[in-house]
Structures are given as C-alpha cells and as structure tokens.
Amino acid sequence: MRHLSFFILLLLSCTPPRITPLPRKGLSLAVLGVAQDGGYPHAGCQRNCCRLAWSGRQPERYPACLALVDHDSRKAWIFEATPAYTAQWERLMEMTGWTDKNVPDGIFLTHAHIGHYTGLMYLGREALGAKAVPVYALPRMKNYLETNGPWSQLAGLKNIEIRRLLPDSAAAPAPGIRVIPFTVPHRDEYSETAGYHVEAGGKRILFIPDIDKWEKWERDIVAEIQRADLAFLDATFYKNGELQRDMREIPHPFVEESMRLFENLPAAEKAKVHFIHFNHTNPLLWNPDEVKAVETRGFRVARQGEVIQLSAQ
Ligand SMILES: [Zn+2]
Ligand SMILES: [Zn+2]
Ligand SMILES: [Zn+2]
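Everything quoted here is computed from the prediction, not taken from an experiment.

K.L.:
It is not clear to me how the environment of aspartate 210 should be interpreted in this structure. Could you clarify?
P.N.:
Mapped onto the elements of the fold, aspartate 210 is located in the loop between strand S10 (203-208) and helix H7 (221-227). Dropping the residues within four chain positions of it, aspartate 210 is found in contact with Asp37, His111, His116, Val184, His186, Thr193, Asp234, Thr236, His252 and His277. Separated by 3.4 Å, the side chains of aspartate 210 and histidine 186 make a polar contact.

So, in structure tokens, the structure goes:
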C-alpha cells in the first residue's frame, strides 16, 4: 500500500499541471492565447512549424487573448473574442475554479480582424444565447458590429450590449479598474485598431497585439513601456523574410526590430515586455532555443496559460 501511494505521488509529480490555478484572492491576469489570428497550427500548413503541432510535439496555441480576473468580486473581463473563445473561456473557468459563470463580465475588442472579435458568434442564438454581455469597442468597430451580419443580430437580440469607447477616455468596468483605449496604426479595413492601457490592482498593463510599425505610431513605445508595469506587444513575425510573400503588405514590428529598439532599456524595463500574437512561422511558438535567446536578452515571451498576480495577496 505504501508502495502504491508512493507510486501515485511519483506519477503526480511527473505530470505537468494542465492549468495554472489563479490566486484565490485579488486581481490577476491570465494569458489565454498567444498566437496570431489564424492560431497555431495554421490552416493548410504542412511545414515544420505546424507539423510539430499536428504531430502533438508542440501544444496548440490560441489567438492572443488576456483575461483580467477579480477573484474577490468573482468577475472576469477578457480582451479579444477570438475564434477559440469557447476553449479559452473553459480554460479560464478551470483556472478560477468557478463553476457558476458562463460568460465574461465584459469583452474589450481591439479591431475587426478575424482573430480579435469573431468569437462573439458563440454568444448568439445558434450557440449560448447570452444575455447582454457588455462588449466594449471604439466607434468604428461598434458601428461595424451594429451594421453587419451576423454581428448586428447579436446586438439586435441583445445577446451582447455594445458600449462605445472613445480613444484616451477611461472605461471603468468595476470600481478600481480603468481601461483606457487608444488608437494605433494598422490595416483598418473595417474598423480602427485599439490598444489598451489597463489599470488594475495598482498595476498598469499595456496591450498592443497588432500595430503596423512602432515608428508609424505617434507615441513613443519606449516611453509607453516605461509608464507601464507589463507590456504585451505585437510579435507577429520574428524577422523579415519569414514569409514567402512581400511582408510590406502586412507590416508588423519584427521581434528583431523591437529588441533592437528596446536594447538600451535597463533590465527591469526590458522584463516588462511580453511578446505575444505570434504567427505560426514565428519560432517563438515552437523553437525553445529561440525563446531562450530572447529571454537571455532580458525580454519575455508570453506563454498560454500563464498567470500574473496584479494586486498583493
Ligand atoms: Zn491580429
Ligand atoms: Zn506553420
Ligand atoms: Zn489585425
């Protein structure tokens, strides 16, 4: 019997936990996804990057999504409604241990590219049939949802309640929490593109999953990192030439460029940077040596399932 329990203990200690439980007190941030819009593995990709995931040697990664959780009031807000919304919400509930909640207390959207809002469809009549889930969006994004099916039906049936955000004006989804959207340059075919400053638990989190290039933004990203405590930043591509197409058509700051730009920051500032929103071709998704190299230079690579406590216990 003693041998058996020892064996079970040994087994348990060898099995990595499937989820990281969130702290049972205060505010925390959970990373629910780290990939670019198309996710990882990517539709139709048979190259090495995705073969690693198709064969189970790398875990699947969902499109970029953050959750802000207040354990004391049992509330949770998510940033982005991705095509993997269903799984991401379930993972979050496993992390919180809550069993009585089926929708977020609010969803903050950045823009109308598929990885960032199409998860809203799971709140509609064909799926959950949610009741008035607050969805926060800048004016063009709000108008896009209200005037194009199937999103307009979600609003019409009151599955979602769209709340208009204005750039640089704070929304207060709960006392002590401020969410401040701002606009960034990006391919704005259907909507403008937002980034967010989130103030919660005495911390300031910067979230910019998509931006064309840092130098196209009227703000100085280095100064913005210094103003924040954590910065989740667009790292779609590692370097130029990663795709066999003209990468100027889909501009993003290459991780190489960002690291060069942030190189002279002190170590404590660099450690705030969490790269996120990885295209399937980006080795930070599937090559541990590249992840190590970025971390050795003092930066962080966002990990799906990672939890960061914001307020003191
Ligand atoms: Zn994106
Ligand atoms: Zn691939
Ligand atoms: Zn985009």
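There is more to say after this.
K.L.:
Is there a simple way to think about the confidence of the model for the protein in this case?
P.N.:
Parts of the model with low pLDDT should not have their predicted coordinates read in detail. Of all residues in the protein, 94% have pLDDT values of 70 or greater, and the mean over the chain is 94. Taken together, the stretch residues 9-17 has pLDDT below 50 and engages in zero contacts with residues farther than four places along the chain or on a different chain.

K.L.:
Can you help me understand the sheet that holds strand S7 (residues 171-174) in this one?
P.N.:
Where strands meet in a sheet, backbone hydrogen bonds hold them as pairs that are either parallel or antiparallel. Read across the open sheet, the seven strands follow the order S7-S8-S9-S10-S11-S12-S13; overall the sheet is mixed. At either margin of the open sheet sits one strand with a lone partner, and together these are S7 and strand S13 (300-301). Where S7 meets strand S8 (residues 177-183), two bridges bridge the pair, whose relative direction is antiparallel. Looking at the pairing, alanine 174 lines up with isoleucine 177 of S8.

K.L.:
Before we go on, may I ask you to explain the packing of aromatic side chains in this structure?
P.N.:
In this description, an aromatic ring pair is defined by two values, namely the gap between the centres and the angle between the planes. If you walk through the whole model with that rule in mind, you get 12 aromatic pairs. Note on phenylalanine 108 and tyrosine 196: the rings are 5.7 Å apart at their centroids and 80° apart in plane angle, and the pair reads as edge-to-face. Of this pair, phenylalanine 108 sits in strand S4 (residues 106-108) while tyrosine 196 sits in strand S9 (residues 194-200), placing them 88 residues apart in sequence. Each of the two residues, phenylalanine 108 as well as tyrosine 196, counts as buried. Site record: aromatic cluster; members linked through ring pairs are Phe79, Phe108, Tyr136, Tyr196 and Phe207. Its guanidinium or amino end placed over the ring of phenylalanine 254, lysine 213 lies 3.8 Å from that ring's centre, counting from NZ or CZ.

Conventions and cut-offs
- Residues numbered from 1 in each chain as written.
- Chains lettered and ligands numbered in written order.
- Predicted model: local features only at pLDDT ≥ 70, side-chain atom pairs only at ≥ 80, totals over all residues.
- Heavy atoms only, no water.
- Helix = DSSP H or I, 4+ residues; strand = E, 2+ residues; numbered from the N terminus.
- Contact = heavy atoms within 4.5 Å.
- Polar contact = N/O pair within 3.5 Å; in protein donor to acceptor, adjacent residues only side chain to side chain.
- pLDDT = per-residue confidence, 0-100.
- Pairing = 2+ DSSP bridges.
- Phe/Tyr/Trp six-rings, centres within 6.5 Å; stacked < 30°, edge-to-face > 60°.
- Buried < 20%, exposed > 50% of the residue type's maximum accessible area, 1.4 Å probe, protein only.
- Lys NZ or Arg CZ within 6 Å of the ring centre and 35° of its normal.

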